[in-house]
Amino acid sequence: MKGANDVFVKSYISHNTFRDSVYLMRLSNTVRGFDGVEEAEVIIGTDHNKKFLRSGGLWTDEIENEAGANDLIIAIRAENEEKADKAIQDALDELNKSVERDNLQGDFIPRTFETALQNFSGANLALLSIPGRYVKREADKILDSGLHLMIFSDNVSLEDEVELKKKAMEKDLLVMGPDCGTAIINGTPLAFANEVKQGIIGVVAAAGTGLQEVSSLIDTLGEGISQGIGTGGRDIKNEVGGITMIQGLKALINDDNTEIIVVVSKPPDSTVTEKVLKIAKESKKPVVVNFLGGDLDQVSKAGCEPAATLKEAAYKAVNLARGKSTATGESDIKVDQAMLAEEKDKLKNGQKYLRALYSGGTLAYETMILLNGKVSPLYANLNFKNAETLEDVYKSKAHTIIDLGEDEFTQGRLHPMIDPSLRNSRIVEEAKDPETAIIMLDLVLGYNAHPDPAGSALEAIKEAREIAEKDGRKISFVTTVCGTDEDIQNRSEQVDKLKKEGVIVLPSNTDAAAFVAALLAD
Amino acid sequence: MENLFNSELKVINMGLEGFAETLKERGTQVLHVRWQPPAMGDDNLLNLLDKLK
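Asks: Would you take a moment to explain the overall build of chain A for this structure?
Replies: A tally of helices and strands in chain A yields 19 helices and 20 strands. Against the compact-globule benchmark of 24 Å for 522 residues, chain A has a radius of gyration of 24 Å, which places it among compact chains. Taken along its principal axes, the extent of the C-alpha atoms in chain A is 70 × 65 × 40 Å. Looking at chain A as a whole, 51% of its 522 residues qualify as buried. Considering only contacts within chain A whose residues lie at least 6 apart along the sequence, 68% involve residues at least 24 apart.

Right under this line is the structure:
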């Protein structure tokens, strides 16, 4: 069928074929790279997805009449019919290859929770990553069957979250999430968690990359994690009342394998803060509290160890685990002056702005806090009291901090931790702006994340450098790598790769933000 | 929470296969459910079915 602008839109329907959304988004990316292809989607034919295809101009009569929710649609817009046909054939070949590669091949794969439960007695946790609007139906069944639950899915209503968490609380079950990207239970990393040593420090966090950063730093410092409980970001709102945070905190207090507790989140709503601190105060175990940007005195008055940064939370927990004082000053921020001078030398007069391109929301938020009052004007796509909201999130202004994991960037796309291509093109874009001084990046390692984030970022960094150098400029690239040497990407190897190419790598996000603040100071 | 912290983790994974694959590679007991939208993904039919419950 002839589509807009004299290009061909063609489709293929593979009946009774299902693949999960991450696999299909990856395949769509691959197909978009095929010769002559302008746009492509490989997607399941639900009503929702069909509306998406129609609005994106990837629409054919075949999709309208023949594709249903049990079918897989390959929709291609290409420069001519031949290239569209070739792309469809190549996409089908990829799909067939995936069947051969299937790691779960040979396993019994049920289609419903009920069948799974019948065949898997003793299951104690369900991990849900299905579209948000179906979560409540499945989660109810899971909780009624007595399983704990981790909900990776987002787009679950607040009302459903409250209902599920109340039900779970009555049954003494834990609901981690919705929108819980990471957890470590009994030493097992779930979803996007890092491979960390087992130990005596238990963490409860309403902050996904906050949990990843703190647990990874604890590992790097030589200690380990007993449990890492994620709550989902909305848990700390008055409406939810911190149900999971409180359950998690109490569970860690009662857990024989946990001796030190760390709480990490943005400052909770006031009633939740009071409840959490009251329980922490009654605990005989030391509790380190990092309410990012919150009131440290309030935490001290509750008899807890306040931590202003993620780095401080990790260091304090490690020192407590070793029976040492928490006032060692090890977590104080020290900026390497020689490195700072070298980076400052690179910058010309007109280069004055920071462009921070984050994939981890909590890491971006910590940087906003640490730069607060130090750089101005500051723009962001995150809610923060002293930052202006960007009118167009695709266009930076003055100092800009962007969380590329926010919904506006991930609708129908893979999260930047899995697929850094959107961030990579943004790195190149920022290099074209003669006012860009620093490009700051977080590289988040761990299960299910990109296999080589440093390698991927370096391709964009090299291109960005060429653009700047043609214009007689040099840009300072400042990064932090969140993860451990036990992660599949190996933190040390990732760090070495970046340093070899002259990229600044700081040991924590806290240090990276401090370095950037010093670099921008007059 | 005793049955979670003090026993071996046994996970039913519904949705993204990658999560089940990494757990399996690590030696964690996991059963993957190849979940598909109920009511053939027809939201209207699903709403009707929910009302009948």
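Asks: How should the sheet that holds strand β19 (residues 476–482) of chain A be read in this particular structure?
Replies: Pairing between the strands of a sheet comes from backbone hydrogen bonds, and it takes one of two forms, parallel or antiparallel. Residues and elements named next belong to chain A. Sheet architecture is open: seven strands sit in the order β16-β15-β17-β14-β18-β19-β20, paired in parallel fashion. Strand pairing shows two members of the sheet lacking a second neighbour, β16 (388–389) and β20 (504–506), which therefore form its edges. For strand β18 (residues 436–444) and β19, the ladder comprises seven bridges, and the chain directions are parallel. Bridge pairing links Met440 to Val478 in β19.

Asks: Sorry if this is basic, but what is going on with the packing of helix α14 (residues 361–371) of chain A against helix α19 (residues 509–520) of chain A here?
Replies: Angle between the axes and distance between the axes: these two values describe a pair of packed helices. Residue and element names in this part refer to chain A. Closest axis-to-axis distance for the α14/α19 pair is 9 Å, and the angle between their directions is 40°. The pairing of α14 with α19 is recorded here as oblique in orientation. Helix-helix and strand crossings are classified by hand; for α14 and α19 the assignment is right-handed. Of the residues in α19, those touching α14 at Leu363, Glu366, Thr367, Leu370 and Leu371 are Asn509, Thr510, Ala513, Ala514 and Ala517. Here the residues of the contact of α14 with α19 are counted per class, giving six nonpolar, three polar and one charged.

Asks: How do you make sense of the interface of chain A and chain B when you look at a structure like this?
Replies: How big an interface is tends to be expressed through the accessible area that disappears when the partners come together. On the chain B side, the residues contacting the 43 residues of chain A number 33 residues. Elements that contribute at least two residues to the side of chain A that touches chain B include exactly α1 (21–32), α5 (113–118), β4 (125–128) and β8 (188–191) of chain A. The element best represented in the side of chain A that touches chain B is β4 of chain A, accounting for four residues. Here the residues of the side of chain A that touches chain B sort into 23 nonpolar, 14 polar and six charged. Judged from the four bridges that link them, β4 of chain A and strand β1 (residues 10–14) of chain B form a sheet pairing that is parallel. The partner of Leu127 of chain A across the bridge, within β1 of chain B, is Asn13 of chain B.

Asks: Even after reading the chapter, I still don't get the confidence of the model for chain B, so can you show me in this structure?
Replies: If pLDDT is low for a region, its predicted coordinates should not be looked at in detail. All names here are of chain B. Looking at chain B as a whole, its pLDDT mean stands at 84, while 89% of the residues score no less than 70. No element of chain B has a lower mean pLDDT than helix α3 (residues 43–52), which averages 73, and none a higher one than β1, which averages 97. Overall fold confidence (pTM) sits at 0.90, and the ipTM for the predicted complex is 0.91.

Asks: Explain the environment of Ala437 of chain A to me, please; I cannot follow it from the model alone.
Replies: All names here are of chain A. When you line up the elements, Ala437 lands in strand β18. Taking C-alpha positions, Ala437 is 31 Å from Ser215, a pair spaced 222 residues apart along the chain. Beyond its immediate chain neighbours, meaning those up to four positions away, Ala437 contacts Leu347, Gln351, Lys352, Tyr353, Leu354 and Ser476.

Parameters at a glance
- Residues numbered from 1 in each chain as written.
- Chains lettered and ligands numbered in written order.
- Predicted model: local features only at pLDDT ≥ 70, side-chain atom pairs only at ≥ 80, totals over all residues.
- Helix = DSSP H or I, 4+ residues; strand = E, 2+ residues; numbered from the N terminus.
- Rg over C-alpha atoms; globule rule 2.2 N^0.38 Å.
- Buried ≥ 20, exposed ≤ 12 C-beta atoms within 10 Å, placed from the backbone.
- Contact = placed C-beta atoms within 7 Å.
- Pairing = 2+ DSSP bridges.
- Axes fitted to C-alpha atoms, helices over the stretch in contact; angles between N-to-C directions.
- Parallel < 35°, antiparallel > 145°, perpendicular 65-115°, else oblique.
- Left-handed = near helix turned anticlockwise from the far one by under 90°.
- Nonpolar A, V, L, I, M, F, W, Y, C, P; charged D, E, K, R; others polar.
- pLDDT = per-residue confidence, 0-100.

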